Amino acid sequence: MADSKPQAYISWFCPFAQRAWLALLEKGIDFEYKEVNPYDESERVKYLKINPLGLVPAIVHQGHVVYESAICIEYIDEQWPETPVLPNDPYRRAYERIWSDHISKKIVPQYYAMLLKQSHEDRENARKALLEQLVVLTDAMDKEGPYFRGSAFGMVDMMLAPFVARFVVLKHYRGFQVPTEDRYARFNRWWAAVKERDSMTKSTPEDERLVDVYKGYAAGNPTMS
């Protein structure tokens, strides 16, 4: 039954895990938070029995395991349909999935390229691509907002917000900031609303912790300190 208490396997520093965490918090679900560090070998060996990919997030519910962040969000939404994350209309649901996919394929890779690449040219190419793809995404947003589809905080917002919360890491190590000029006004209005949500303040680590934990990535070594 949907009312059985789920377990959420999450790493506090992981933006992918935060996506599922946001869905659980937004729904007001009573869940058991299970902190796991996939980079720790002893923890990883145990965790592989839960998720054979060794990645977070994972949701354990009713004796089953669900993983991959977007799939976790949709599972949570279907099991606990109150306060829907996705709209009811089939086209609007598809539209939300299209732009969630855009984030995964066009924005997230540029974030990691800027953080991991060690040459200035590679970082600059990633910076330009990241900013361009943010504009492409925000052009698809509801014009009034403040969220992607208007007044409702939904799946696209949950897919993007954890990475924007980690722009502080790019600012520290790469000097990156989203400009304040008109072209980025819709993005900046979106972020101003998103970062104040209770679910975001409860699930986003302090800037200093994020900067410290990502120092390995910034040095080109994708491990967590």
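Remember, it's a predicted structure, so these values are computed and weren't measured experimentally.

## A closer look at the environment of A193
Note that A193 resides in helix α8 (residues 185-194). Taking the relative accessible area as the measure of exposure, A193 reaches 17% and is therefore buried. A sequence separation of 92 residues divides A193 from D101, and the C-alpha atoms of the two residues are 22 Å apart.

## Some words on the packing of aromatic side chains
The full count for this structure, using the stated rule, is 20 aromatic pairs. Taken together, a centroid distance of 5.7 Å and an interplanar angle of 75 degrees make the contact between Y111 and F163 edge-to-face. Of this pair, Y111 sits in helix α4 (residues 90-116) while F163 sits in helix α6 (residues 155-165); the two residues are 52 residues apart in sequence, bridging distant segments of the chain. A relative accessible area of 1% places Y111 in the buried class. An aromatic cluster is defined as three or more aromatic residues linked by ring pairs; in this entry it consists of F16, Y111, Y112, F163, F167, F176, F187, W190, W191, Y214 and Y217.

## Digging into the layout of surface pockets
Empty space among the atoms can be located by rolling a probe the size of a water molecule over them. Here the largest pocket is characterised by a volume of approximately 480 Å³. What lines the largest pocket is a set of 26 residues, among which C14, F16, L55, V56 and Y112 lie closest to the centre. Elements with a contribution of two residues or more to the lining of the largest pocket: α1 (15-27), α3 (69-79) and α4. Its residues assigned to classes, the lining of the largest pocket shows 19 nonpolar, 4 polar and 3 charged. Computed from the structure, the second largest pocket encloses a volume of approximately 390 Å³. Put simply, the parts of the chain that give the lining of the second largest pocket at least two residues each are α6, α7 (167-174), α8 and α9 (198-203). The residue makeup of the lining of the second largest pocket, split by class, is 9 nonpolar, 4 polar and 3 charged.

## A few points about the pattern of salt bridges
In this structure the tally under the stated criterion is 11 salt bridges. Measuring nitrogen to oxygen at the nearest pair gives 3.6 Å for the salt bridge that ties D30 to K5. Linking D30 in the loop between α1 and β2 (32-35) with K5 in the segment before β1 (7-10), this pair joins segments that are 25 residues apart in sequence. Among the residues examined, D30 registers a relative accessible area of 54% and is labelled exposed. Across the pair E26 and R197 runs a salt bridge whose closest N-O atoms are separated by 2.9 Å. Taken together, the positions of E26 in helix α1 and R197 in the loop between α8 and α9 put the pair 171 residues apart, joining distant regions of the chain. On the basis of relative accessible area, E26 is assigned to the buried category, the value being 18%.

The rules we used
Residues numbered from 1 in each chain as written. Predicted model: local features only at pLDDT ≥ 70, side-chain atom pairs only at ≥ 80, totals over all residues. Heavy atoms only, no water. Helix = DSSP H or I, 4+ residues; strand = E, 2+ residues; numbered from the N terminus. Buried < 20%, exposed > 50% of the residue type's maximum accessible area, 1.4 Å probe, protein only. Phe/Tyr/Trp six-rings, centres within 6.5 Å; stacked < 30°, edge-to-face > 60°. 1 Å grid on protein atoms, 1.4 Å probe; cavity = no way out; pocket = protein on both sides within 12 Å on 5 of 7 lines; lining within 4 Å. Points joined across faces, edges and corners; volume = space filled by probe spheres on them. Nonpolar A, V, L, I, M, F, W, Y, C, P; charged D, E, K, R; others polar. Salt bridge = Lys/Arg side-chain N within 4 Å of Asp/Glu carboxyl O.

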